[in-house]
Amino acid sequence: MKFTEGFWRMRDDVRAVFAAEARSISIAPRDDGIPAITVFAPTKAIAHRGDTLNIASLTVTLWSPIEGVIGVKLVHHAGAVDPGPNFAISRDDRFTASVDERDDNVSIHSGHLTATVKRGAPWSLSFRAPSDADGEYDTAGRLVTGAGPKNLGYVRTDEGDAYTYAELSLGVGECVYGLGERFTAYVKNGQVVDTWNDDGGTASQFAYKSIPFYVTNRGYGVLVNHPGRVSFEVASEKVERVQFSVPGESLEFFVIHGPTQKEVLTRYASLTGRPALPPAWSFGLWLTTSFTTQYDEQTVMSFVDGMAERDVPLHVFHYDCFWMREFHWCDFVWDPAVFPDPPGMLERMHAKGLRSCVWINPYIAQRSHLFAEGAKRGFLLKRPNGDVWQWDEWQSGMGLVDFTNPDAYRWYQEKLGALIDMGVDAFKTDFGERIPTDVVYSDGSDPQRMHNYYALLYNRAVFEVLESRRGPGEACLFARSATVGSQQYPVHWGGDSTASYESMAETLRGGLSAGQSGIAFWSHDMGGFEDTASPDVYKRWCAFGLLSSHSRLHGSSSYRVPWLYDDEAVDVLRFFTRLKCRLMPYLFAAAVDAHATGVPMLRAMPIEFPDDAGCDYLDRQYMLGSSLLVAPVFDAGGHVQFYLPDGRWTHLIDGHALDGGRWHSERYDFLSLPIFVRPGAVIVTGSVDDRPDYDYAHKPTVVAYEPADGQSVEVVVPDTIGKPVASVTVSRSGLTVTASQSGFDGEWSFECVVDGVRSSATGTGAAIDLSVEGRR
């Protein structure tokens, strides 16, 4: 939200005050015992006693919940009531920040991050970090970001609206990323972003997943601790700063230090919740009925059998909205006209080795038998006059479940529990964005703050019932709406795209932004949701989708089975599905890492290459895990340009090598795309290519790519619940590359690629001679 008209003037309808002076500073624990600095900041520099009259003041508190994170709370009037909800912010009881007081400033130190407030005027709050890799400070340390005069303020408009805001500095060349799953330009500089969830598709400025958290290429992030609308001016109102404002009398934000983006994301996950590990079976190929198509059990089985007949591995089948009767969404009752025997059908699916997923949302149509029950028991959101809130968009007369009511929460879960007991394995938790604000919540929560937060409660309720019924590690969602903390309940998908290259590209931008906002497991509708893709778009999107964390074919008014496009589409889907299954030892290890650290599986290039300025703006390629670079093809002719960081990169599929530190332009057929292995990486592939859930340590293949002399790399192989069961260490000394393993089952293979030449060890031997004689 802009409060100024250019650099010099405030808007005519705005009255603003700013922290002008650190008048007094106290050091004392907060109520919860955490050490804190509290600064009394008048909004006018005090020269004499008369200046203390008839002015506003701001109270600024600094504290640290976990190492490397410093919180700042700015308060105007402290008597304002907080109705909630609030994000759950974790603290590390084992860590205590240190505070030091000097003649001219006071500082709080948290890990390598230091926040300093200078005494007196003008106002100065700076965040600094070590200026060298050893964690040592020079005289002042490196400035991470800061807020100077007129950068912390309180605003009232002529209409009576109040806002509290902060502006944090940006350096030369600093790029801002994240703020949720956003389909606009990847680098957010120059954009105005409001964190307000909406159902806007992938071709608009709206977002299904609004997350008030951004990271920059300077190695830090900022989380604004407010669940409602946060308005960000990202180098837009003032091009040297990021401004963020919230309604009301206070603002809290956290500066999260890295110094790498990986470390920032790990600290963000520690602060707001780590993502659960999805079950291994969920990484396979998903196929759906599509949305408004005609389907029944015969249709479903024809798709399942058609995939088997064409030797395309399939692992999850999803039933979209019309598994229920029209006008009844949601009543959680199968439509008997098209699915007369749901338990038998689900059992038959399981017999074929498939899991089943069904579509749900948090809305109850008036025609659903659950509407009257929910209304009578007070389980649906109400208007201020006591009426049940209803409208006719989406479902006629629909109401919304009030998840702040514990009884309604359990009631909703009980309905889903019956489906799980019937044989349903997963839920697509659709919608949850257009949550009204003219409502009253059971627990008194502020409807403005609940608008985004509702998505967290909705998806948590569904995830919990799956986990309670199916056991730890078996819960899996396909969620669309999200906010801070939602990463704990995967998987998330990118919403309603269109069957075009342009929409495929904007979908990837959304995934990159989501990953840099803490969403670790992310998917999208392969082939596009709206319209029907041309065969080339479908095939290119299949390759992209099967090189994402999760892979689902889904459409709106047309089916997504490959034989409806052309014969080659079947070949492409088969090839990349089998490739993903073979890669599962590597991919599931990346998933385990994402679960432990919060670093996403699908990673924007700056996450892996923070020191390569050539990666700062890349939005048409990504890293899948730490070692595979993927550049989807967005061109009918197969032409693609991509950038490789330094080193010699090897194409995973055909083995050709390219030097990094530069751009490349190549052309690919439909059975390939740029997928290059990072130099120095060790990739373990499995012996099974038709399932994602198998024994990854059974007869694997280990390939070392361009190992450097003196390098030693250990790779851990997990089982299907994420427990480490095997490991392999690859070392190079001169012209000899050796591999030693522990925990592999059966005969395994070892290969090495050096200077673009592939060599193999014989039998179960684990040493390769790179000399000319050794390669003959």
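Okay, so let's go over this structure.

A tally of regular secondary structure across the protein chain gives 12 helices and 47 strands. Computed over the C-alpha atoms, the radius of gyration of the protein chain is 27 Å, within 12% of the 28 Å expected from 2.2 N^0.38 for a compact globule of 776 residues. Once the C-alpha set of the protein chain is aligned to its principal axes, its extents read approximately 85 × 75 × 45 Å. Taking all 776 residues of the protein chain together, 61% fall into the buried category. For the protein chain, contacts bridging at least 24 residues in sequence account for 67% of all contacts bridging at least 6. Taken as a whole, the protein chain presents about 28,100 Å² of accessible surface, with 48% of it coming from carbon and sulfur. Averaging the locations of the 69 positively and 99 negatively charged side chains of the protein chain gives two centres separated by 3 Å.

According to the stated counting rule, one finds 50 salt bridges in the structure shown. With a closest N to O distance of 2.7 Å, D525 and R552 form a salt bridge. Of this pair, D525 sits in strand β30 (residues 525–526) while R552 sits in strand β31 (residues 551–553), placing them 27 residues apart in sequence. Of the two residues, D525 and R552, both sit in the buried class. Taken together, the shared-partner salt bridges connect D199, D430, E433, R480 and D496 into one network.

The next subject is helix α1 (residues 261–272). Structurally, the α-helix is built with 3.6 residues per turn, so residues lying three or four positions apart point the same way. Spanning 12 residues, α1 covers 16 Å between terminal C-alpha atoms, matching the ideal 16 Å at 1.5 Å per step. The set of residues buried in α1 consists of Q261, V264, L265, R267, Y268, A269, L271 and T272. G273 sits one or two positions beyond α1 and adopts a positive phi of about 120°.

Moving on: the packing of aromatic side chains. Scanning all chains against the criterion turns up 50 aromatic pairs. With 6.2 Å between their ring centres and 90° between their planes, F403 and Y409 make a pair best called edge-to-face. Through pairs of rings, three or more aromatic residues link up here, namely F291, F322, W329, W359, Y363, W394, F431 and F529. Between the NZ or CZ atom of R480 and the centre of the ring of F431, over which it lies, the distance is 4.5 Å.

To continue, consider the sheet that holds strand β41 (residues 701–705). Either a parallel or an antiparallel arrangement is found when strands of a sheet pair, and the pairing is made through backbone hydrogen bonds. Pairing is mixed in the open sheet, where four strands are placed in the order β40-β41-β45-β46. Of all strands in the sheet, those bounded by a partner on one side alone are β40 (682–685) and β46 (757–760). Strand-to-strand twist across the sheet, computed as the mean angle between neighbouring axes with direction ignored, equals 20°. Bridge count between β40 and β41: four bridges; the pairing is antiparallel.

Judged by nonpolar contacts, the single largest core of 200 residues is most densely connected at Y319, W323, W334, F427, Y454, L573 and F750. No other element matches helix α6 (residues 447–470), which puts 11 residues into this core. A19, L168, L179 and V222 belong to the second-largest nonpolar core, a separate cluster that totals 48 residues.

Running from amino to carboxyl end, helix α9 (residues 567–582) crosses helix α10 (residues 584–597) at an angle of 65°, the nearest separation of the two axes being 5 Å. On the side of α9, the interface is formed by K580, C581 and R582, while α10 contributes M584, P585 and L587. Residue composition of the contact of α9 with α10, grouped by class: four nonpolar, no polar and two charged.

A few words now on the pairing of strand β44 (residues 736–742). With seven bridges joining them, strand β43 (residues 724–733) and β44 adopt antiparallel strand pairing. Residue S733 lies in a different strand from β44, and its bridge partner there is T736. The antiparallel hairpin formed by β43 and β44 contains two residues in its connecting segment, where G734 sits at a positive phi of about 65°. Taken together, the three bridges between β44 and strand β47 (residues 767–769) define a ladder with antiparallel strand orientation. Considered in β47, the bridge of T738 is made with A767.

Position of Q395 among the secondary structure elements: in the loop between α4 (369–376) and β26 (399–400). With a relative accessible area of 5%, Q395 lands in the buried category. Considering only alpha carbons, one finds Q395 and C330, 65 residues apart in sequence, at a separation of 9.1 Å.

So, about the sheet that holds strand β4 (residues 24–29). Taken in spatial order, the eight strands make up an open sheet running β4-β5-β6-β7-β21-β18-β17-β15, and their pairing is antiparallel. The sheet is open, and its two borders are formed by β4 and β15 (176–180), each paired with just one other strand. With strand direction ignored, the average angle separating the axes of adjacent strands in the sheet is 20°. In the sheet, strand β6 (residues 57–63) pairs with strand β7 (residues 69–75) via five bridges, with the strands oriented antiparallel. Residue W63 lies in a different strand from β7, and its bridge partner there is G71.

Conventions and cut-offs
Residues numbered from 1 in each chain as written. Predicted model: local features only at pLDDT ≥ 70, side-chain atom pairs only at ≥ 80, totals over all residues. Heavy atoms only, no water. Helix = DSSP H or I, 4+ residues; strand = E, 2+ residues; numbered from the N terminus. Rg over C-alpha atoms; globule rule 2.2 N^0.38 Å. Buried < 20%, exposed > 50% of the residue type's maximum accessible area, 1.4 Å probe, protein only. Contact = heavy atoms within 4.5 Å. Areas by Shrake-Rupley, 256 points an atom, 1.4 Å probe, with all protein chains shown as cover. Lys, Arg positive; Asp, Glu negative; His and termini not counted. Charge placed at Lys NZ, Arg CZ, Asp CG, Glu CD. Salt bridge = Lys/Arg side-chain N within 4 Å of Asp/Glu carboxyl O. Expected span 1.5 Å × (residues − 1). Phe/Tyr/Trp six-rings, centres within 6.5 Å; stacked < 30°, edge-to-face > 60°. Lys NZ or Arg CZ within 6 Å of the ring centre and 35° of its normal. Pairing = 2+ DSSP bridges. Axes fitted to C-alpha atoms, helices over the stretch in contact; angles between N-to-C directions. Core = buried A, V, L, I, M, F, W, Y, C linked by side-chain atoms within 4.5 Å. Nonpolar A, V, L, I, M, F, W, Y, C, P; charged D, E, K, R; others polar.

On their own, these measurements won't tell you what the molecule is for.
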